[in-house]
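# Per-entry structural report
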Amino acid sequence: MLLRLIAAGTRMPNWVNEAYADYAGRLTADYRLELKEIPLGQRSSGSPQQAIAKEGERMQAAIPARAFIVALQVTGKSMTSEQLAKFLEARARDGRDVAFLIGGPDGIAPDLDAKADLRWSLSSLTLPHALARVMVAEALYRGVSIVKGHPYHRA
């Protein structure tokens, strides 16, 4: 099963790249985590709508066919690690890859957000997009660890 993290932004600090790579590297075989970075849309002094729309087009193009789309949103549904594990098991049973979307500084394009099968909130706090990447990777690794009965997760 492919877990694709589609994230707006291409120049992350080294600590973000290293932390993401650490967790993604732990996910192999049955559950693979892949990052697709989307360049930010050009922001001018006016409205950011064109930039958001361009990011949305790029994200849409990166979503695997038939993928279950999860938009990361502050107002989305929160899940425990155990609930995330059950979600991952259900997607594996469905035979669907999952695309996790992290928008740019102005969020996810509204038309793409409307296509999401699920809106997931990591926290009620607004998080830096770089940190959200690391948190998603860790959460997915933890969820897969629960599915596989690995001792990484301790309640």
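Further up the page is the structure itself.
Residues numbered from 1 in each chain as written. Predicted model: local features only at pLDDT ≥ 70, side-chain atom pairs only at ≥ 80, totals over all residues. Heavy atoms only, no water.

## Describing unusual backbone geometry
Residue Ala29 is not a glycine yet carries a positive backbone phi of 65 degrees. Tracing the sequence through the fold places Ala29 in the loop between helix H1 (14-26) and strand E2 (32-38). Residue Arg66 is not a glycine yet carries a positive backbone phi of 65 degrees. (Helix = DSSP H or I, 4+ residues; strand = E, 2+ residues; numbered from the N terminus.)

## Considerations on the pairing of E2
As judged from the seven bridges shared by strand E1 (residues 2-8) and E2, these two strands associate in the parallel manner. From the neighbouring strand, Leu2 faces E2, where its bridge partner is Arg32. On the question of chirality, the crossover connecting E1 to the parallel E2 by way of H1 is right-handed. (Pairing = 2+ DSSP bridges. Right-handed = clockwise from strand over helix to strand, strands pointing away.)

## Let's talk about the pattern of salt bridges
Counting across every chain of the model gives 11 salt bridges. The salt bridge involving Arg26 is made with Asp22; its shortest N-O contact spans 2.9 Å. One end of the pair, Arg26, and the other, Asp22, are both in helix H1, four residues apart, so they sit about a helical turn from each other. In this structure Asp22 comes out as partly exposed when scored by relative accessible area, which is 37%. In this structure, Glu37 and Arg133 form a salt bridge, with 2.6 Å as the shortest nitrogen-oxygen distance. Of this pair, Glu37 sits in strand E2 while Arg133 sits in helix H5 (residues 129-148), and the two are 96 residues apart along the sequence. Looking at Glu37, the relative accessible area reads 27%, which means it is partly exposed. Arg133 gets classed as buried once you look at its relative accessible area, which sits at 1%. A network of salt bridges, in which partner residues are shared, links Arg43, Glu55 and Asp106. (Salt bridge = Lys/Arg side-chain N within 4 Å of Asp/Glu carboxyl O. Buried < 20%, exposed > 50% of the residue type's maximum accessible area, 1.4 Å probe, protein only.)

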